[in-house]
Amino acid sequence: MNYCHPDCPELWIDEVLAKCKTGDLILFKAQDNFNSSKIFSYYTHVGVVYKHSNMIRIFEAQSPVNLELQSHENIKGIYDSEIYTRLTRYKGRLYYKPLNKAVSEELNSNFQNFIEYAQANMYYDNSIIWNGIKKKIWGERLHEGTNCGELTILSLIKLGILDPEKYYWRAAHHLYWVAHIEACDNGYCYLPISKIKISPFC
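Everything quoted here is computed from the prediction, not taken from an experiment.

Peer 1: Is there a simple way to think about the overall build of the protein chain in this case?
Peer 2: Within the protein chain one finds seven helices and nine strands. Across the protein chain, the fraction of contacts at a sequence separation of at least 24, relative to all contacts at a separation of at least 6, is 72%. A total accessible area of about 10700 Å² is found for the protein chain, and carbon and sulfur atoms account for 52% of it.

Peer 1: Explain the sheet that holds strand β5 (residues 78-82) to me, please; I cannot follow it from the model alone.
Peer 2: Across a sheet, paired strands are connected by hydrogen bonds in the backbone, their directions being either parallel or antiparallel. Sheet architecture is open: seven strands sit in the order β1-β9-β6-β2-β3-β4-β5, paired in mixed fashion. Edge strands, defined here as strands with exactly one partner in the open sheet, are β1 (10-12) and β5. In this sheet, adjacent strand axes meet at a mean angle of 35° when their direction is disregarded. As defined by bridge partners, strand β2 (residues 25-30) adjoins strand β6 (residues 92-97) across six bridges and the pair is classed as antiparallel. By the bridge assignment for β6, Leu27 is matched with Tyr95. Sitting on the sheet, helix α6 (residues 148-158) touches β2, β3 (45-52), β4 (55-61) and β5, and the angle it makes with β3 is about 35°.

Peer 1: Would you mind showing me how to read the packing of aromatic side chains here?
Peer 2: In this description, a pair of aromatic rings is defined by centroid distance and the angle of the planes. Under the defined criterion, the tally for this structure stands at 10 aromatic pairs. Measuring from centroid to centroid gives 5.7 Å for Tyr50 and Phe111, while their planes differ by 75°, and the two rings are edge-to-face. Note that Tyr50 is positioned in strand β3 and Phe111 in helix α4 (residues 105-121), a separation of 61 residues in sequence. Comparing Tyr50 with Phe111 shows no difference in burial state: the two are buried. Between Tyr167 and Tyr168, the ring centres sit 5.1 Å apart and the planes meet at 85°, which makes this aromatic pair edge-to-face. Since its relative accessible area comes to 26%, Tyr167 is described here as partly exposed. Taken together, the ring pairs connect Tyr50, Phe59, Phe111 and Phe114 into an aromatic cluster. We note Lys29 situated over the ring of Tyr42; from NZ or CZ to the ring centre the distance is 4.9 Å. The ring of Tyr188 carries Lys101 above its face, with NZ or CZ at 4.7 Å from the centroid.

Quick notes on the rules
Residues numbered from 1 in each chain as written. Predicted model: local features only at pLDDT ≥ 70, side-chain atom pairs only at ≥ 80, totals over all residues. Heavy atoms only, no water. Helix = DSSP H or I, 4+ residues; strand = E, 2+ residues; numbered from the N terminus. Contact = heavy atoms within 4.5 Å. Areas by Shrake-Rupley, 256 points an atom, 1.4 Å probe, with all protein chains shown as cover. Pairing = 2+ DSSP bridges. Axes fitted to C-alpha atoms, helices over the stretch in contact; angles between N-to-C directions. Phe/Tyr/Trp six-rings, centres within 6.5 Å; stacked < 30°, edge-to-face > 60°. Buried < 20%, exposed > 50% of the residue type's maximum accessible area, 1.4 Å probe, protein only. Lys NZ or Arg CZ within 6 Å of the ring centre and 35° of its normal.

Interpretation in functional terms is not warranted from these geometric data alone.
This is how it looks when you write it as structure tokens:
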């Protein structure tokens, strides 16, 4: 089941970018990543879309191990990237999960402060399985050591899409939860996914 591609509509990347708004999610399915068998989820990564200064960007946590980072990139694994370049260079499948409505201008503006805080104070925790055990069984709270799913949860709370009570939610792996989330809080919900088409040859 974890390896069956979703049956969903397709959108060209330009169509996706024309629709993108802060709070939308991009789901990733890597071709060289076997985490699906560990977390029982088809998707292997997630990032949060946000619009800043007329640019569309993606905010995410990813292990910096084995990445060739440039001098301006965050060495702790918390990334804020221009979305088109990020997606077109990805080797794998991509899916667009849109929010039903836009967040307020105030929340959108304040989100930049959270991104700056995260890049200065947070880091990617490579102990995915052990981290999940601590969260689910021992009730450990989300903190500076994070991963893509946990950072997404914190982002959605900051954007007002999820109630702050979700901070205390005990989950073994937050990526699985955000990949399948539909109903949220404060009138928000996520709409069905679409596969992002980058090239007619894939």
